[in-house]
Amino acid sequence: MGLGWRWRGAGGTPSIRTGGSTFLWVTVLLFCGTWRANTQMVEDTKSVYFWETGPWGRCMGSDCGPGGSQSRAVWCAHVDGWTTLHTNCDQSQRPSNQQNCFRVCDWHKDLYDWKLGAWNQCVSVSTRTFGGMRPYVCNGGEEGIQTREVGCVLKSDESLGDDTICEYFEPKPRLEQACLIPCPQDCVVSEFTPWTSCSKTCGTGLKNRVRSVLVPPLFGGSACPNLTEFHTCKPGPCKGPEGVYSLRVGSWMPCSLPISRPVRQAKHRKGKGGARERPGVKDPDTRELIQKKRTRNRLNRQESPFWDIQVGYQSRTVSCAHRNGSTVGLSLCLPWDLPLTVQSCILAKDCKLSEWADWGPCSKACLDPDPESPRGQRSRTRRVHQFSVGEGEDCPPLEETEPCDPQGDGVLPCATYTWRTTEWSDCRVDSLLSQQDRRRSNQTGLCGGGLQNREVYCVQANAELLTYLNNLKDKDASRPVDSKLCGGPVPNTSQLCHILCPIECEVSPWGAWGPCTYENCAVQEGKKGFKLRKREISNEPTGGPGNCPHLVEAVPCDEPSCWDWRLVRLDECIPDGELPCGPGTQIPQVQCVNSTGDMVDKELCGGASTPEPIACDVPCPKNCVLSDWTSWSSCSQTCSSKTIEGKQLRTRSILAYNAGEGGGVCPNSSSLQEVRNCNEHACTVYHWQTGPWGPCTEDPSSSALNTTTGPRSAAGPNSSGQGPCSRGMQTRKVICVRVNVGQVPPKKCPESPRPGTVRPCRMPCKRDCIVTPFSDWSQCSPTCDAAGNIQKTKQSRNRVILQLPANGGQDCPEVLEEEKDCEAPKVCPGYRWKSHKWRRCQLVPWNIREDSPGAQETCGPGLQTRAVSCRQLDGVQADIGECLKFANTMPSITQRCQLPCQDDCQLTNWSKFSSCTADCVGVRTRKRLLVGRSKKKDKCKNTQMYPLSETQYCPCDKYNAQPVGNWSDCILAVGDRVESLLGMKVQGNIKECGQGYRYQAMVCYDQDNRLVETSRCNSHGYIEEACIIPCPSDCKLSEWSNWSRCSKSCGSGVKVRSKWLREKPYNGGRPCPKLDHINQAQVYEVVPCISDCSQYVWVAEPWSVWKVSNLDLKENCGEGVQTRKVRCMLNTIDGPSESVEDYLCDPEDMPLGTRGSRLPCPEDCVLSDWSSWNRCSLPCSYNNSRKRTAYAIRSPGEGRQCPDTTEKEPCSLNLNCFHYFYNITDWSTCQLSANAVCGNGIKTRMLDCVRSDGKSVDLKFCKELSLERKWQMNISCVVECPVNCQLSDWSAWSECSHTCGLDGRMWRSRGVVQGSQGDGRPCPSQLEQWKPCPVRPCYRWQYSPWSECRVEEVVCGAGLRYRNLTCFVSDGSGEGEASMVEEELCGGLELAVNRDKLIILKETCVLPCPGECYLMEWSDWSPCLSVCAKGAGVDFGSVQVRSRAVMAQEPENVQLCPDQDWESRPCTDGECFEYKWMSSTWSGSSRVTWCQRSDGLNVTGGCPHINPPGDDNNSCDPPCQLPMSFCTEAGVCMCEEGYTEVMSSSGQLDHCTPIPILEIPTAGDKKTDVKTSRAINPTLPATIQPGRTGRTWYLQPFGPDGKLKMWVYGVTAGALVLLMFIVSMIYLACSYSVLRRRLQATESNANGTVVWMGQNAHELTYTCPDCQELGQSSSQSSGQSSGQSSQSS
């Protein structure tokens, strides 16, 4: 149903009634109304201007204190905020712009300070705001504000000063703060108990029902209602007269002493005529027996000085009470037997103590430099002179303590303790190796990063100072002590270390064999010759060149020579006979060089033959022309043997053929090449081979003066001890070796390169083992078993290795720990109470009770006492104070007794039960006998009254064992600690996996299902089961593959190697390194590399014979082609050696394989091959050029000329002229030694020479230009070590979490000593383990319920009620009831109930007389309840309460009843409850309402007073009696949920009709997940709708005030935004279609490709595939159309 707005214009024409545009009109009207209201405000122009002031400026003045001045700005402002002329404001109200002030100086800070007053009472915010009106509803607490006074005062007299003085130094403290006023808490009481039975069996009586207080009234809440309700009852008329009187006994009077015994005895003797003389005993044996008996009796009756026990008597009154509560004469109650009115008692005496003894010494007998260290304690004691007796006051504490500090001048400083460490162990790399690493089996040569360990122990830090002060010179300061004495962080027990990786010797390739020469050219006679080849060390190896392989190899040769001629060049060929052409000679130009190639004086080559002139030929015009010989090729073999000879080859080619018969004929093809032998020396290569250097030994040739001794500190625990101590020598073996043969005589090798066999060395110092002295013996704590027997214990001591021996030093002792038995005391330390025999039963003196009816002088009830003493466990008497400290509860010293009268039956005590032959079979009995005259009395023979035997079934000790609880963690066996040599502990070497055991607790029950000790079931308390802790498996990778070939054959490239994933880690193994992101199964390592550009060279064979293409071959000249074979070969020091793939050589440098040219005809000029182009001068420029030349080999005939012998071409950049520069590659990954896992490595990068066209070339091009090389090629780096997580040892098992029961657990833990690093094995998640404790029964003392109040033989009055202390057993789970067991099982427990040691088994009570109104006993303490507001999160503490209700018996005595009572006490951890009104469904015109607590308990009080639900349906007028209607609290008839109201013309409810349902799914409905939204009266607040449950949705455009709600405006604004969005989308869609048509017009030229200019002028190209297809189809169609048009034309 839409909402509309009806409005009529001026002419009365109705406007269009709309549903959506209405809100727009409302918005316009609201804006117009606001504008009109603003215009009406401008009525009085004077009110729109006002004076504005700025802040006061700084106080200025020449002197400190008062007398300064400060100013501020004052201006006239408009209400809109702009400044105007001063004349617009009222001048009479202009504020002052200047005032006097107090000029503050820095020294005022010491004189003035803020004074803070106390916070005032919390005042409600509503009271301050609304003038005392407090809100009607209080939710949890009311917000309030409390204030205080703050002022700046002068410190000396606290006189007030100006606040600006203190504000100069510190901001003014706040004057008010928020607070919370608790809501009044009304008293909350429980429901009534059921009605009691009628107080009378006939006549008119009372029924009572009571309730208890649950929450006391707090914070001004209403008082508690009556806790008792009375209701008269009449069971029926009485047949006879009602009992009116009853005996009432009073309370016992205080105990008093009778007349002293000597006085009575004197009176008694006087009445008897004097004392009788006792006849003496003459027999000495008899006297001795009597004396021993007296002594024994005296010991048994041992008088204790600590108890002054006096037996007295006490009496009580007996009266007769009327039913109305009044006391009447006793004669009215005489038909009854009077109760006992006198009894024996113990005279009450308070505990008497001595004065306090002097304070004992302070437990801290030293001065501690740390002010935060705990202070000492001193105590003083007092002794008991006399214990309390009877109802006397108990003894207060006998000992008190107080903190103290040692006093005096000679107080020593306290011993301080600190951590000490041993030296670090050797660095070990093997602990970092993964499981799959092959180096685990052979750990020699491992280097790089590793781990080293040390042990940490605690020592006394200032022991040296204390030793000096105590003059104890032999006391050692390094003695280890208990680690618990050391505080602070424990030093690391492991650290990363590094073993320097040896740098392997790297040598260059072998050089070429040198000439045959003498070893020593100065001595040549009789010496043989050698050809030598050498190589050099290309790095700096560890240990120097002595560890490098041999660097010289020698080959014996014949005809050695030290000097020889070297051909430099050949001069031009000069024909003989000064002819222009023909045969001639070439003069060689030579130099004299030595065996190394260096030029020397020519005179040294005098013995060598000088090279002769070489024959040559200058071709004539008609002669055949041959090219020059090529250079000799490299030798085919490095040496020669019987089957192998080295050969060299050189060739030449025909450049022009002869002219028929007239010219010189060209030689045959065999004459175009020459072969010669080379490397004719035999393949017998010799070299010197060295062995390893031996150990450094003492040099006998060195004197004692060369010996040096390191300082003592060098052998300290933190010193490596590797300093040199003396000079020594090392030797090694040097032999001559023939390659591939073995050792040969030394004369076979040249002597000059022979290595040395001896070298000096420095001998390291010997290092002895250093250990600490033994620690003190551990303390002995003697323990005793349950039987009191001493259990032997052991004590131990240990010492720690500080330094391991090295270099032949003294070894460490084998014994590091010692153990011995403790000296056990003869008896277990402990104390117990010893109770002596009871004294005889003492009656009340006869003279006091002789008037009592039925009393007899020698019998009746009495008291007896006994003495109690303190003994050690071995029976030796001890001070009673020890038992007060260490023994159990002191036994009772008094008890009631009965002296039998003559008419009483006397029986012996019960005997023990007879034994049973077997469990659960038969019976057992116990007996007693009648004593004396009782045997003859008939009443004593009545076995029903006085049974003489008791029979019971034999105990059935059947036990049942069963498991309980969960299985424990899997626990490895103890003793799997791994230790390295000499006891140095290695952290982390703890067995972490393998077979262990898990445990489950066993519980044992008896036949009554009571928990008993597990030993009864022959069980040790556990079920044990083997389990497996899986071992961690590290990530397993394959070995590294071989390095790939460098990606470039010239310059810098990269090389790659990889590992494959073989197995993923599991069970916490080492994780895999970062795998390839594509297949997640491979690890790559890429490093830069550089290839020598000359390592692969093109080798071209000689040109083939010309193949002339002319048809006329008569002259064998003209255009022709030559070919040759070109191969890529590996270049070595001896020249190209073997063919390789062509791609390894630079294709740009590949020589031509064919060439076409013109073969000169006879008499033509023949030129040589062109020389190489000379290099262009840099920088490249077109103004520069390069050239190449040739020369004429054959002069032309007459009339013919030679072509130009020089060619030039301009230098063009990147065509024939290039610039060169260095290029530096990226850093490689950190490279480690092959034997290292991690640690220090090297990053390298390569230097590349790059041509200006981007091609990498040989470095020589950049070197020739002397380009700057400023880069560092190597830097050090670190590879993180894969350190496995290192854990501490498991701690000892903790104490059981429960002393008894089923849920006890023991825990042990371990800590992370060092977390994992790098790819190390991570720390396991399990750092704690538990196992169940053996199940032990939970025994406890427990009270039985109080008995009813008992008054002997009478109806009412003061009596006693009793309860028993019983031993119960339970399983500690809190579930199920405890079972009663024998008291002996609780014998070892402290006599306490719920930790209360005051055991009360009886207490006085009052049994009300018939008709009395009395207070009931206290109710139980209510559960702890939090005074809070659950929704507001406010808590004002917790409280619990108990109450006493009134109980009445007679309707006439109700007015005489005492007042009810309650008391409360604070408690902790109370529960927070809520209270709400509950109501039943309507039954007709009424229903039941009540208040319910959030835990479901129905209560009275606690619910809010505002709008409680009505109990009837009659508050509406007229009543709501229509179907589906109800009356609200506001007195309005409304329809139930789901129905809407149809009103009559008079405004009354006519009927209820269903409304449409809007289903809105919500998450709260558990059944259908659907909520129903119906229209409800919008004017009624939803919070007070009765009967509304769950969450209901309301669509209410109007608020309670009849105005539109804000969400209506929001919906209107949202509709506008949506409309604008739709219009914008339509516009964009239309614009896109226009743009598409424009693009299609230019589509044929674009071919679907779009080019943008991105950042930095980069072109970004996008090709549309669909557009390309469209373009192709359009181009095809256009092509077809153009073809058709051409055909038509």
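Residues numbered from 1 in each chain as written. Predicted model: local features only at pLDDT ≥ 70, side-chain atom pairs only at ≥ 80, totals over all residues. Heavy atoms only, no water.

Chemist: Hey, could you run me through the pattern of salt bridges in this one?
Modeler: If charged atoms from side chains of opposite charge come close, those side chains can pair. All told, the structure shown has 45 salt bridges when counted by the stated rule. Across the pair Glu 645 and Lys 647 runs a salt bridge whose closest N-O atoms are separated by 3.3 Å. Using a relative accessible area of 47% as the deciding quantity, one classes Glu 645 as partly exposed. In this structure, Arg 1321 engages Asp 1034 in a salt bridge whose closest nitrogen and oxygen atoms are separated by 3.1 Å. Of this pair, Arg 1321 sits in the loop between β87 (1312-1314) and β88 (1328-1332) while Asp 1034 sits in the loop between β66 (1022-1029) and β67 (1036-1037), placing them 287 residues apart in sequence. Each of Asp 1146, Glu 1148, Arg 1251, Asp 1253 and Lys 1255 takes part in a single network of salt bridges with overlapping partners. (Salt bridge = Lys/Arg side-chain N within 4 Å of Asp/Glu carboxyl O. Buried < 20%, exposed > 50% of the residue type's maximum accessible area, 1.4 Å probe, protein only. Helix = DSSP H or I, 4+ residues; strand = E, 2+ residues; numbered from the N terminus.)

Chemist: Can you help me understand the state of the cysteines in this one?
Modeler: Considering all chains together, one arrives at 56 disulfides under this definition. Bridging Cys 152 to Cys 166, the disulfide has an S-S length of 1.9 Å. Its S-S torsion of approximately 70° makes the covalent link between Cys 152 and Cys 166 right-handed. Within this pair, whereas Cys 152 is found in strand β9 (residues 150-154), its partner Cys 166 is found in helix α3 (residues 163-167), the two being separated by 14 residues in sequence. (Disulfide = S-S within 2.5 Å.)

Chemist: How do you make sense of the sheet that holds strand β80 (residues 1220-1224) when you look at a structure like this?
Modeler: Paired through backbone hydrogen bonds, the strands of a sheet run either parallel or antiparallel to each other. Pairing within the open sheet is antiparallel, and its 3 strands lie in the order β80-β82-β83. Whereas interior strands pair on both sides, the edge strands pair on one side only; in this sheet they are β80 and β83 (1256-1257). As paired strands, strand β82 (residues 1247-1251) and β83 are joined by 2 bridges and run antiparallel to one another. Counterpart to Cys 1249 in the pairing with β83 is Val 1257. (Pairing = 2+ DSSP bridges.)

Chemist: Would you mind showing me how to read the packing of aromatic side chains here?
Modeler: Geometry of an aromatic ring pair is reported as the spacing of the ring centres plus the angle between the planes. Counting across every chain of the model gives 7 aromatic pairs. An angle of 80° between the planes, with centres 6.3 Å apart, marks the rings of Tyr 49 and Trp 82 as edge-to-face. Residue Tyr 49 is located in strand β1 (residues 49-53), and its partner Trp 82 is located in the loop between β3 (74-78) and β4 (83-84); the two are separated by 33 residues in the primary sequence. Ring centres of Tyr 1222 and Trp 1271 lie 6.3 Å apart, and the angle between their planes is 80°; on these two criteria the pair is classed as edge-to-face. Highlighted residues: Tyr 1222 in strand β80 and Trp 1271 in the loop between α9 (1259-1264) and β84 (1274-1279), separated in sequence by 49 residues. Note that Arg 1363 overlies the ring of Tyr 1343, its terminal NZ or CZ placed 3.3 Å from the centroid. Directly above the ring of Trp 1421 sits Arg 1465, whose terminal nitrogen or CZ lies 4.0 Å from the centroid. (Phe/Tyr/Trp six-rings, centres within 6.5 Å; stacked < 30°, edge-to-face > 60°. Lys NZ or Arg CZ within 6 Å of the ring centre and 35° of its normal.)

Chemist: Even after reading the chapter, I still don't get the confidence of the model for the chain, so can you show me in this structure?
Modeler: It should be kept in mind that the predicted coordinates are not to be read in detail where pLDDT is low. Put simply, the chain has an average pLDDT of 78, and 82% of its residues get 70 or more. Segment residues 1-46 is flagged for pLDDT under 50; beyond a separation of four residues in sequence, or across chains, it makes 24 contacts in the model. Considering only residues more than four positions removed or in separate chains, one finds that residues 703-723, a stretch of pLDDT under 50, has 31 contacts. (pLDDT = per-residue confidence, 0-100. Contact = heavy atoms within 4.5 Å.)

Chemist: Can you help me understand unusual backbone geometry in this one?
Modeler: Across residues other than glycine, the phi torsion is negative in most instances, and most of the peptide bonds are trans. Residue Leu 1178 is joined to Pro 1179 through a cis peptide bond whose omega torsion reads 0°. Tracing the chain through its elements places Pro 1179 in the loop between β76 (1166-1167) and β77 (1185-1189). A positive phi is found at Glu 578, a non-glycine position, where the angle reads about 55°. By the element assignment, Glu 578 lies in the loop between β33 (574-575) and β34 (582-586). Residue Glu 578 is classed as exposed on the basis of its relative accessible area, which comes to 79%. Positive phi values are uncommon outside glycine, yet Asn 1067 reaches one of about 60°. For Asn 1067, the location among the structural elements is in the loop between β68 (1051-1063) and β69 (1082-1091).

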